[in-house]
Amino acid sequence: MFDAVPNDETGYVFAAYMVFLVLLLVYLGILGAKFQRINRDISELTDEVESGRKQAPAETKAGAEEPTGV
Amino acid sequence: MSGRGIKQLSIATALVLVVGFVLVFFWVPMDADQGFKQKIFYLHVPLAIVALIGFMAGGVEGYRHLRSNDRRHDANSYVFIHLSIIFGVAVLITGMLWAKASWGHYWVWNEPTLVSFLIVFLLYCTYYPFRYAIEDRDRQARYASVFAITAGAFVPLNFMAVRMAESLIHPRVFATSEGGLPGSMMFTFLVCLAGMALLWVTLVKLELLGKQTSGQVSRLRRALEAEGIGAGDEPSGTVGRRIAPNLEAR
């Protein structure tokens, strides 16, 4: 396809389309990293909620068994 | 805007862009005047059109924010401008490569079209430090909206001024006295334009989804802290806390 055209013109056209592609890939990479961070935050929050729930019934149970002294 | 339909939109974007570029390299005839280098036109011009419309859309969202005081419009305005600046970088680089191939120089300072786009681009580059400089979130959003409206109004004025300028070596291909683009070139151009517009919308939706989700995570963290569950420190990874407009409930 590119045989019929001079090399320097092909180079500039190729460079232009490559610039677009590289910019797009870099931007998508940055977006991907952002979403990974958000995902990590959500996982941390889920762990915190789950450990909080486990602690809460244990504390309630301990409170109920504590002698009132009456 | 939400995350609904992002997958379908992404597929449509990729499809239209690939079809457009296949048409550019395998179907559309070679330009009689410019030859092979004219193929940059199908990338450069759609990018420029979408970037300029994006800047103006940012102004419209800024106006809607000032009218409603709804933070979502400020976030939209920020993301529209942010994406358009990135598209602007691509416009400048592809334009410089086309200029070098056509005129032998990467930049021609006495060409109004080039210089005017650079002015618009540099104007919008000041948007980030402008936002950074204001600590208070409400003031930041209001001032940024005023900036977006003013700069957005400057874009069409600038475009008209350039069209009225006399000395032009930058090619005019639409609505010329010679009749403009032939049918096949116009069709290919429109497909590429649709692809770029779809790409812009997809990236905007992805950015907004990210901001929305990180806002929800912050809200959830605060709610858990209030209930005494979880650690007090906010993780360093929380996205866009400093400059980007948050989408948290006020």
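S.K.: Which parts of the structure should I look at to understand the overall build of chain B?
M.R.: Looking only at helices and strands, one finds seven helices and zero strands in chain B. Listed by position from the N terminus, the elements making up chain B come as α-α-α-α-α-α-α. Across the 250 residues in chain B, those meeting the buried criterion constitute 50%. Partitioning the intrachain contacts of chain B with sequence separation of at least 6 by distance along the chain shows that 77% fall at a separation of at least 24. Surface exposure of chain B reaches about 12100 Å², of which carbon and sulfur atoms provide 64%.

S.K.: What's the story with the packing of aromatic side chains in this structure? I'm lost.
M.R.: One pair of aromatic rings is described through two measures. These are the centre distance and the angle between the planes. What the rule picks out here adds up to 17 aromatic pairs over all chains. Both rings, one in F20 of chain A and one in F21 of chain B, keep their centres 6.0 Å apart while their planes meet at 85°; by these two values the pair is edge-to-face. Of this pair, F20 of chain A sits in helix α1 (residues 7-65) while F21 of chain B sits in helix α1 (residues 6-26), which puts the two residues in different chains. Both residues of the pair, F20 of chain A and F21 of chain B, count as buried. A connected cluster of aromatic rings, assembled from ring pairs, spans F55, Y78, Y124, Y127, Y128, F130 and F147 of chain B.

S.K.: Could you clarify how one ought to interpret the nonpolar core in this entry?
M.R.: As a rule of thumb, soluble globular proteins bury nonpolar side chains together. Ranked by internal contacts, the top residues of the largest apolar core, which has 64 residues, are Y42, F87, Y124, M196 and L203 of chain B. When contributions to this core are tallied by element, the ones reaching two or more residues are α1 of chain A together with α1, α2 (41-68), α3 (71-103), α4 (112-125), α5 (127-132), α6 (137-164) and α7 (183-226) of chain B. Take this core: its biggest share by element is 14 residues, from α3 of chain B. Not counting the four nearest positions on each side in its chain, M196 of chain B is found in contact with F20 of chain A together with L17, F21, L43, P46, L47, V50 and F87 of chain B.

S.K.: Sorry, what's going on with the packing of α2 of chain B against α6 of chain B here?
M.R.: Any two packed helices are characterised by how steeply their axes cross, that is the angle between the axes, and by the distance between the axes. All names here are of chain B. Packing of α2 against α6 leaves a shortest axis separation of 7 Å and a crossing angle of 140°. When the axes of α2 and α6 are compared, the pair comes out oblique. By crossing handedness, the relation of α2 to α6 is classed as left-handed. Facing L52, F55, M56, G58, G59, G62, Y63, H65 and L66 of α2, the residues of α6 in contact are A141, R142, S145, V146, A148, I149, G152, V155 and P156. Partitioned by chemical class, the residues of the contact of α2 with α6 number eleven nonpolar, six polar and one charged.

S.K.: Looking at this structure, how should I read the interface of chain A and chain B?
M.R.: Buried accessible area, meaning the area lost when the parts come together, often serves as the stated size of an interface. If you look at the interface, chain A gives 28 residues, while chain B gives 47 residues. Where chain A meets chain B, there are three salt bridges. For the pair chain A and chain B, the interface holds three residue pairs in polar contact (both at pLDDT 80 or more). Broken down by class, the residue content of the side of chain A that touches chain B amounts to 20 nonpolar, two polar and six charged.

S.K.: Whenever I open this one, a nonpolar patch on the surface confuses me. Can you help?
M.R.: A contiguous nonpolar surface patch, about 720 Å² in accessible area, is contributed by F14, M18, L21, V22, L25, V26, L28 and I30 of chain A. When you line up the elements, M18 of chain A lands in helix α1.

S.K.: Which parts of the structure should I look at to understand the packing of α3 of chain B against α6 of chain B?
M.R.: Residue and element names in this part refer to chain B. One can describe the packing of α3 onto α6 by two numbers: an axis separation of 10 Å at closest approach and a directional angle of 55°. Overall, the two elements α3 and α6 adopt an arrangement that is oblique. Like other packed secondary-structure pairs, α3 and α6 cross with a definite hand, here left-handed. Every residue of α6 that contacts α3 at R71, D74, S77 and I81 is listed here: R137, D138, A141, A144, S145 and A148.

Definitions and cut-offs
Residues numbered from 1 in each chain as written. Chains lettered and ligands numbered in written order. Predicted model: local features only at pLDDT ≥ 70, side-chain atom pairs only at ≥ 80, totals over all residues. Heavy atoms only, no water. Helix = DSSP H or I, 4+ residues; strand = E, 2+ residues; numbered from the N terminus. Buried < 20%, exposed > 50% of the residue type's maximum accessible area, 1.4 Å probe, protein only. Contact = heavy atoms within 4.5 Å. Areas by Shrake-Rupley, 256 points an atom, 1.4 Å probe, with all protein chains shown as cover. Phe/Tyr/Trp six-rings, centres within 6.5 Å; stacked < 30°, edge-to-face > 60°. Core = buried A, V, L, I, M, F, W, Y, C linked by side-chain atoms within 4.5 Å. Axes fitted to C-alpha atoms, helices over the stretch in contact; angles between N-to-C directions. Parallel < 35°, antiparallel > 145°, perpendicular 65-115°, else oblique. Left-handed = near helix turned anticlockwise from the far one by under 90°. Nonpolar A, V, L, I, M, F, W, Y, C, P; charged D, E, K, R; others polar. Salt bridge = Lys/Arg side-chain N within 4 Å of Asp/Glu carboxyl O. Polar contact = N/O pair within 3.5 Å; in protein donor to acceptor, adjacent residues only side chain to side chain. Patch = residues over 30% accessible without salt bridge, like charges linked within 9 Å, V, L, I, M, F, W, Y side chains within 5 Å.

Read these as spatial facts, not as claims about activity.
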